[in-house]
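Observations on the model geometry
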Amino acid sequence: MDGAGSSAAHLDAGALGRAAVAYAVLGLAFWRAISDHLARDIMTGGATYRVGDWLINYAGGFVRRGLFGEALFATPAGTPVLFVLAGFQLACYAVVVAYAVGFLHRTGYAWSAVALACGPAALPFIGWDVEGGWRKEIIGFAALALLGWARRSTGDRLRRVLVIAAIGVFGLAVFSWEASVFAVPGMLFLLRRPDGRPELRGWPSLSVLGLGAAGGLASLAAPGSVAAATAVCHRVVARGLNPELCDGAIAKLGHPLGEAVAAVAIRFPLYWWFLALLPLALLPVLTSPWLRRHWPWFAATVITVAPLYAIAEDYGRWAHLLVMASALLIMAGDLRDVASRWWTGWTIVYLTCWGLPHWLFPDDRWPLYSFWGALLETVFNPG
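Residues numbered from 1 in each chain as written. Predicted model: local features only at pLDDT ≥ 70, side-chain atom pairs only at ≥ 80, totals over all residues. Heavy atoms only, no water.

Observations regarding the pattern of salt bridges
Considering all chains together, one arrives at 19 salt bridges under this definition. Arg-40 is the salt-bridge partner of Glu-131, the closest N and O atoms lying 2.6 Å from each other. Note that Glu-131 is positioned in the loop between helix H5 (125–128) and helix H6 (137–152) and Arg-40 in helix H1 (residues 13–42), a separation of 91 residues in sequence. Classification of Glu-131 as partly exposed rests on a relative accessible area of 26%. Linking Asp-41 and Arg-50 is a salt bridge whose minimum nitrogen-to-oxygen distance equals 2.9 Å. Per residue, the accessibility class of Asp-41 equals that of Arg-50, and both read buried. What emerges from the salt-bridge pattern is a single network uniting Asp-36, Arg-40, Asp-41, Arg-50 and Glu-131. (Salt bridge = Lys/Arg side-chain N within 4 Å of Asp/Glu carboxyl O. Helix = DSSP H or I, 4+ residues; strand = E, 2+ residues; numbered from the N terminus. Buried < 20%, exposed > 50% of the residue type's maximum accessible area, 1.4 Å probe, protein only.)

If you want it as structure tokens, here you go:
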């Protein structure tokens, strides 16, 4: 084990110290992420990706990623749209953070649990690179957290409510961002039978598989076009929002896939840095007893995420996605799933002395400044 009991009913001085480290890291990261998002994106009219992607709608007909934006525009026009969006994003993060905090407390804030929840590529990722957060993967994270709660629930009624809510949230996720299929392996893992075998005939598992397949096929059938992007943008502007919101994710609806692949290709060899540091990002997962028992589920998650590395430039986000998708499954268990003597007091160094940006410019020549000193840089150079 790693110095903490499986029950957190009574925290000793060591556990209180580890808890203080965990909450200091999470608190600083989310304070920075929330204050930046509200100040820069909401109060000033939005950002092309952290807001614009959420505004994709069906003004030009059915199009991938449009479900959330279509629902969002049922709110009053103008700034209220942005506040409703921010409220939804905060609600998704609140579900995930509450789930992680429950895990930390249940494990007595063991160093291995703190590394899993508070590592730079885990929850704090959105604080160290504020441009990398508030994206649509958080809907999938919330769905996984709800199912994790359902798996630990002792009440049948509460379990059913949580399962239904998780599947509904996942449906919203997969029709709002096609890459939300990353959550399918994790949701099937959390819906397993009590003996651990996959449950592929029950309605929850069939619903997850059906929604994942439908969302994926829909994104292929209606990927978007220049005309669709123009119609989406016109609706955004007509609702009293900043026209600059159309310059990012909305504009890319009309771009061919080959262009996205080319944009990734020109970032190499620079982007080898991301791949070299991916094992470091995944270290709390790779050292966990959970992985030794459930590696096929982890491999399935890797397979669903891997295509993103070929078609999109946000390599830091994809590492964050892999870490979070795996961590949320581990958090459904207890200390036995994460305990490792490998994690001791040096965990503080792991938490504070490195980080991942969500992407790098192609002409960057020395990227280490973007990788090292994430938390420390935030503290000593907050501007």
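Back to the text.
Comments concerning the nonpolar core
The biggest cluster of nonpolar side chains holds 128 residues, and the ones touching the most others in it are Leu-55, Phe-182, Met-187, Trp-318, Met-331 and Leu-356. With 12 residues, the single largest contributor to this core is helix H16 (residues 315–330). (Core = buried A, V, L, I, M, F, W, Y, C linked by side-chain atoms within 4.5 Å.)

Points about the state of the cysteines
In the structure shown here, the tally under the stated rule is one disulfide. Cys-118 provides the cysteine sulfur closest to Cys-353, a residue in no disulfide bond, and the two sulfurs are 15 Å apart. (Disulfide = S-S within 2.5 Å.)

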